[in-house]
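Examination of the molecular architecture
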Amino acid sequence: MRRLPIRSLAGITTLGALALAGCGTQTAGAPRDPGTGGGDRTLRAQQVMRLTQVHEQTGMTLLEGPVFDEDGQLLVVDVTAPAGEPKVLRVNVRNKTSEPVHTDARGTYTSAQFSPYDGRIYLTDFSHGDIVSLAPDGGDPRTFFSGEVDGSPMNPDDLAFDREGNLYVSDSRGMSEGEARGRVVRIDRAGKEATVLADGLASPNGISFDADYRGLWFSELTQNRVSYLLLDGEGGVASRHTAIRVDGGLAQTDSIAVDAEGNLYQGLHGRPAMAVYDKYGERLATVEVPARAARGLESATNVAITPGGTSAYMTVSGPGGGYLYSFDALGKGIRQSNGG
């Protein structure tokens, strides 16, 4: 397994955490030619704005976890931001302006989502195995969950909430060693009880409920595979199967979002593009950054679709900086396409 080149990464405690890069491994940065990704349609994404530049201290910038707040503003995390620089930003997509929301001395935040239970922002700290929550304005930081699960620490990557506010986390444990020791973990909404729902996974990354909350889609980055975990309605698992094998070439499967029609938006690391599938695994479309703008961009990690609308905002990053791109989604936005 190839990893990112080692750099001096003050403020990020685990270099294995940046064996992620899109929370993935290193891949070639040059995008494929437009239209060669499969699918019946090519959706051209349009640049909204550049949010970040490469940080001198970490040698990277990596945007993730887009989520709309109640005021219609978009929150985004910068995974590789060092201490003192914004690790969570709030973006006014209409005015194309941004402002810092939160920073701290150690967090490596890879996703963000609002809880339906208490309305707070929840962040996954990949390096330290913590789930951190913030007040909606970015203040009052709290550690919601920390420690081992079944005797092993987590590397939490993405998260999803059920209707009651319980958390479902993709745990990329084993990624830095190149071993299939990842898990899907359920944490009750009080942060007291953690249960492993699936294990032996190859760098699980994206995770999202389906449109009906019957089960979870999750991706395994180093297998380019999306699986479906049918839940039993009591916090356990009824069944699990491989649902989609992603033809990514040099690219790898990153985060997942689901729209009101049940379509999956599969982010890609190694290519500034997303693959869109229906719930039966048919490739519907490929969302692409135009070739003229794709130089210096290496990933399209995640997407948020405006709740009740179809305007989609995709986080795109690489040596050229961290950007927001927009496109028209195939279905309307719901909670499953807003954060995680």
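1. Some thoughts on the overall build of the protein chain
- If you tally the helices and strands in the protein chain, you get 0 helices and 27 strands.
- In the protein chain, which comprises 340 residues, the share counted as buried stands at 60%.
- Look at the contacts in the protein chain between residues 6 or more apart in sequence, and 52% of them connect residues 24 or more apart.
- For the protein chain, the accessible area works out to roughly 12900 Å², and carbon and sulfur atoms hold 42% of it.

2. A closer look at the pairing of strand β18 (residues 215-220)
- Buried residues dominate β18, accounting for 6 of its 6 residues.
- Pairing of strand β17 (residues 204-209) with β18, which is carried by 4 bridges, proceeds in the antiparallel orientation. Paired with Pro 204 across the strands is Glu 220, a residue of β18.
- The hairpin formed by β17 and β18 contains 5 residues between the paired strands, and Tyr 213 there has a positive phi angle of roughly 60 degrees.
- Here 6 bridges tie β18 to strand β19 (residues 225-231), and the two strands are oriented antiparallel to one another. By the bridge assignment for β19, Trp 217 is matched with Tyr 228.
- Counting the residues in the hairpin turn of β18 and β19 gives 4 residues, including Asn 224, whose phi is positive at 50 degrees.

3. As for the confidence of the model for the protein chain
- When pLDDT is averaged along the protein chain, the result is 89; 88% of the residues meet or exceed 70.
- Of the regions scoring below 50 in pLDDT, residues 25-38 engages in 40 contacts with residues more than four places distant in sequence or in other chains.

4. Concerning the environment of Ser 152
- With respect to the secondary-structure elements, Ser 152 resides in strand β12 (residues 152-153).
- The spatial distance from the C-alpha of Ser 152 to the C-alpha of Arg 173 is 8.7 Å, given a sequence separation of 21 residues.
- Ser 152 has contacts with Arg 173 and Arg 183, leaving out every residue within four places of it along the chain.

5. Describing the pattern of salt bridges
- Across all of its chains, the model carries 12 salt bridges by this definition.
- In this structure, the salt-bridge partner of Arg 90 is Asp 69, at a minimum N-O distance of 3.3 Å. Taken together, the residues span a long stretch of sequence, with Arg 90 in strand β5 (residues 88-92) and Asp 69 in the loop between β3 (63-68) and β4 (74-78) at a distance of 21 residues.
- Note that Asp 130 and Arg 106 form a salt bridge whose closest N and O atoms lie 2.6 Å from each other. Of this pair, Asp 130 sits in strand β9 (residues 130-134) while Arg 106 is found in the loop between β6 (97-102) and β7 (109-114), placing the two residues 24 residues apart along the sequence.
- Classification of Arg 106 by relative accessible area gives partly exposed; the value is 41%.
- Among the charged side chains, a salt-bridge network with shared partners connects Arg 44, Arg 271 and Glu 288.

6. Considerations on the sheet that holds β5
- Here we have 4 strands laid out as an open sheet, ordered β3-β4-β5-β6, and antiparallel in their pairing. The sheet is open, and its two borders are formed by β3 and β6, each paired with just one other strand. Across the sheet, the mean angle separating the axes of adjacent strands is 25 degrees when strand polarity is ignored.
- Note that β3 and β4 share 4 bridges and pair antiparallel. What sits directly across from Val 67, in β4, is Leu 75.

7. A look at the packing of aromatic side chains
- Inspection of every chain in the model, using the stated rule, returns 8 aromatic pairs.
- Arranged with centres 5.1 Å apart and planes meeting at 85 degrees, the rings of Tyr 168 and Phe 209 form a pair that is edge-to-face. Of this pair, Tyr 168 sits in strand β14 (residues 167-171) while Phe 209 is found in strand β17, placing the two residues 41 residues apart along the sequence. Residue Tyr 168 shares its accessibility class with Phe 209, and that shared class is buried.
- Aromatic pair Tyr 265 and Phe 327: ring centres 6.4 Å apart, planes at 35 degrees, arrangement tilted.

8. Here's the deal with the nonpolar core
- By size, the foremost hydrophobic cluster in this structure holds 21 residues, and its most contacted members are Tyr 265, Val 287, Val 303, Met 314, Tyr 325 and Phe 327.
- Elements with a contribution of two residues or more to this core: β23 (273-277), β24 (283-288), β25 (299-305), β26 (311-318) and β27 (321-328).
- Beyond its immediate chain neighbours, meaning those up to four positions away, Val 287 contacts Leu 43, Ala 45, Pro 272, Ala 273, Met 274, Val 276, Met 314 and Phe 327.

9. Side note on the environment of Thr 242
- Residue placement: Thr 242 occurs in strand β20 (residues 237-245).
- C-alpha of Thr 242 to C-alpha of Arg 225: the two residues are 17 residues apart in sequence and 7.1 Å apart in space.
- Not counting the four nearest positions on each side in its chain, Thr 242 is found in contact with Arg 225, Val 226 and Ser 227.

10. A look at the pairing of β20
- In this structure, β19 lies alongside β20, joined through 7 bridges in antiparallel fashion. When the sheet's bridge partners are listed, Leu 229 is paired in β20 with Arg 240.
- If you look at the hairpin formed by β19 and β20, you'll find 5 residues sitting between the two strands, and Gly 233 has a positive phi there, around 85 degrees.

About the thresholds
Residues numbered from 1 in each chain as written. Predicted model: local features only at pLDDT ≥ 70, side-chain atom pairs only at ≥ 80, totals over all residues. Heavy atoms only, no water. Helix = DSSP H or I, 4+ residues; strand = E, 2+ residues; numbered from the N terminus. Buried < 20%, exposed > 50% of the residue type's maximum accessible area, 1.4 Å probe, protein only. Contact = heavy atoms within 4.5 Å. Areas by Shrake-Rupley, 256 points an atom, 1.4 Å probe, with all protein chains shown as cover. Pairing = 2+ DSSP bridges. pLDDT = per-residue confidence, 0-100. Salt bridge = Lys/Arg side-chain N within 4 Å of Asp/Glu carboxyl O. Axes fitted to C-alpha atoms, helices over the stretch in contact; angles between N-to-C directions. Phe/Tyr/Trp six-rings, centres within 6.5 Å; stacked < 30°, edge-to-face > 60°. Core = buried A, V, L, I, M, F, W, Y, C linked by side-chain atoms within 4.5 Å.

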